[in-house]
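What follows is the residue order along each chain.
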Amino acid sequence: MLLEVRELQVEFRTRDGVAHAVNGVSYAVDAGETLAVLGESGSGKSVTAQAVMGIFDMPPGRITGGQIFFQGRDLLKLREEERRRIRGAGMAMIFQDALSALNPVLSVGDQLGEMFVVHRGMSKKDARARAVELMERVRIPAAAQRVRDYPHQFSGGMRQRIMIAMALALEPALVIADEPTTALDVTVQAQVMDLLAELQREYRMGLILITHDLGVVADVADRIAVMYAGKIVESAPVRDIYKAPAHPYTRGLLDSIPRLDQKGQELYAIKGLPPNLLDIPPGCSFHPRCPMAQDVCRTDEPALQEVSDVRGSACHFWRECLHDRDH
Ligand SMILES: Nc1ncnc2c1ncn2[C@@H]1O[C@H](COP(=O)(O)OP(=O)(O)OP(=O)(O)O)[C@@H](O)[C@H]1O
Ligand code: SF4
Ligand SMILES: [Mg+2]
């Protein structure tokens, strides 16, 4: 297994108390596999990814439990220097906002080239040639000229392509894309997502795709992990989830996707708000919003149970959910 996160726990000390952002998350990604991590804002998707990358601020953040194995090594036991090396060449991250992730005062050619100079010991001239190749690879028109331009001179979609090029420059084994297309127009979103999926196949990298849009993952992901209040509540192959969700929260997310055949009808929305992480409800943390909640849900916390050998659900009533066809 390329990456294995086991029972990860992360908390933040805030003025008002301790925010339990990640509460025992386990997931795994193999080479050539795409895992989509899904969930509403604040569910802990980014914090989990930042813990894997080793890039969140401690303090206020603190990893209070769990392990992260990357190519067989427990990252949480490595020295910062070793982690930095892995972060440079073994794994890379693509962020939502390319404009703030790229350096505004360096041309894109210099930024791309620097990766090859620093990590591969190339000459500036060779590095520049590789930068142009990479820009062509992510289909930036007139790459040989545009390599001198600065990030702000590109459109949002083109900038996102440049960030993808930066992430893939050193051919990392793992790429984490955190809402890579959220800031783009819908048509550009699809193009950038297609490009990412194509490169992922070609390089056979493991990809973690963080999104709150279930619509985009159907074509590109192999598996889906659904997060709620810092936990994985359902984990399954994409086709299983689309056929029938085994958790009421996943069902709510599925029902919230706009569908062409329902044009004009009011869009379903999961009622209520995500919980306050300073004070997560007892029992099943989703119970205040769950249409299937029973008394037991308010007191007993459901563990992630095996639905099949490739699927898990943290719901006391996953069987009923799975078979509720008239929904
Ligand atoms: N720097 C921080 N200081 C304090 N709390 C934080 C910090 N970063 C994250 N958190 C807490 O962790 C929770 C989870 O944050 P995270 O960024 O992982 O959410 P997310 O699932 O990625 O949401 P989104 O879809 O909005 O990006 C937040 O709701 C917040 O309570
Ligand atoms: S355990 Fe209960 S409250 Fe939680 S998702 Fe299942 S039915 Fe809903
Ligand atoms: Mg996030």
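Residues numbered from 1 in each chain as written. Chains lettered and ligands numbered in written order. Predicted model: local features only at pLDDT ≥ 70, side-chain atom pairs only at ≥ 80, totals over all residues. Heavy atoms only, no water.

A. The overall build of the chain, seen in detail. Helices and strands together make up the secondary structure of the chain, namely 13 helices and 12 strands. Radius of gyration (C-alpha) of the chain: 21 Å, near the 20 Å computed for a compact globule of 327 residues. Projected onto its principal axes, the C-alpha positions of the chain cover 70 × 50 × 40 Å. Here the chain holds 327 residues, and the buried ones make up 50% of them. At a minimum sequence separation of 6, the contacts of the chain that also span at least 24 residues come to 62%. (Helix = DSSP H or I, 4+ residues; strand = E, 2+ residues; numbered from the N terminus. Rg over C-alpha atoms; globule rule 2.2 N^0.38 Å. Buried < 20%, exposed > 50% of the residue type's maximum accessible area, 1.4 Å probe, protein only. Contact = heavy atoms within 4.5 Å.)

B. The packing of helix α4 (residues 108-120) against helix α5 (residues 124-137), seen in detail. Relative orientation of the contacting elements α4 and α5 amounts to 115°, with a least axis distance of 8 Å. Crossing hand, α4 versus α5: right-handed. Residues V108, G109, D110, L112, G113, F116 and V117 of α4 pack against K124, A127, R128, R130, A131, L134 and M135 of α5. Its residues assigned to classes, the contact of α4 with α5 shows eight nonpolar, two polar and four charged. (Axes fitted to C-alpha atoms, helices over the stretch in contact; angles between N-to-C directions. Left-handed = near helix turned anticlockwise from the far one by under 90°. Nonpolar A, V, L, I, M, F, W, Y, C, P; charged D, E, K, R; others polar.)

C. Representation of the site of ligand 1 in the model. For ligand 1, the set of nearby residues contains 14 residues, the closest of which are S41, G42, K45, S46 and V47. At 2.7 Å from an oxygen atom of ligand 1 is found a side-chain nitrogen or oxygen belonging to S46. For ligand 1, whose free accessible area comes to 640 Å², the fraction covered by protein is 65%. Sort the elements by how many residues they give to the shell around ligand 1 and helix α1 (residues 45-53) lands first, with three residues. (Near = heavy atom within 4 Å. Polar contact = N/O pair within 3.5 Å; in protein donor to acceptor, adjacent residues only side chain to side chain. Areas by Shrake-Rupley, 256 points an atom, 1.4 Å probe, with all protein chains shown as cover.)

D. Representation of helix α11 (residues 248-255) in the model. Of all eight residues making up α11, seven are buried, and the element is well covered by its neighbours. Those residues of α11 that sit buried are P248, Y249, T250, R251, G252, L253 and L254. Summarising the contacts, the buried residues of α11 are in contact with β3 (34-38), α9 (214-217), β9 (223-228), β10 (231-237), α10 (238-243) and α13 (318-323).

E. Geometry of the site of ligand 2. Residues in contact with ligand 2 amount to 13 residues; listed here are only the nearest, C284, C290, C297, C315 and H316. Taken together, the residues of the shell around ligand 2 break down into 10 nonpolar, three polar and no charged.

F. Just the sheet that holds strand β5 (residues 73-74), in detail. Taking strand neighbours across the sheet as the criterion, the four strands line up as β2-β1-β4-β5 in an open arrangement whose pairing is antiparallel. At either margin of the open sheet sits one strand with a lone partner, and together these are β2 (17-29) and β5. (Pairing = 2+ DSSP bridges.)

G. Spatial organisation of the side chain of S313. Mapped onto the elements of the fold, S313 is located in strand β12 (residues 311-313). Only 2.7 Å separates the side chain of S313 from the backbone oxygen of A246, close enough to count as a polar contact. Setting aside residues no more than four positions away along its own chain, S313 makes contact with V233, E234, A246, H247, A303, L304, Q305, V307 and W318.

H. Structural context of the packing of aromatic side chains. Inspection of every chain in the model, using the stated rule, returns four aromatic pairs. Put simply, the rings of Y228, Y249 and F286 pair up and form one aromatic cluster. Here R146 stacks its cationic end above the ring of F154, 4.0 Å away from the centre of that ring. (Phe/Tyr/Trp six-rings, centres within 6.5 Å; stacked < 30°, edge-to-face > 60°. Lys NZ or Arg CZ within 6 Å of the ring centre and 35° of its normal.)

I. Region of the structure containing α5. Its 14 residues place the ends of α5 20 Å apart at the C-alpha level, agreeing with the 20 Å of an ideal helix rising 1.5 Å per residue. Looking only at α5, the buried set comprises A127, A131, V132, L134 and M135. Viewed end-on, α5 has its buried residues packed into an arc of 160°, placing them on one side of the element. The elements touched by buried residues of α5 are α4, α6 (143-146) and α7 (156-168). Phi turns positive one or two residues past the end of α5, at R139, with a value near 60°. (Expected span 1.5 Å × (residues − 1). Arc of directions from axis to C-beta.)

J. Examining the nonpolar core more closely. Formed by 97 residues in total, the largest nonpolar core has its most connected members in L3, Y27, I164, L174, I176, I208 and I224. Here the element with the most residues in this core is α7; it accounts for seven residues. For I176, the residues in contact, after removing those within four places along its chain, are A49, V52, M53, A92, M93, I94, I208 and I210. By size, the runner-up hydrophobic cluster in this structure holds six residues, among which are A244, A246, C315 and L322. (Core = buried A, V, L, I, M, F, W, Y, C linked by side-chain atoms within 4.5 Å.)

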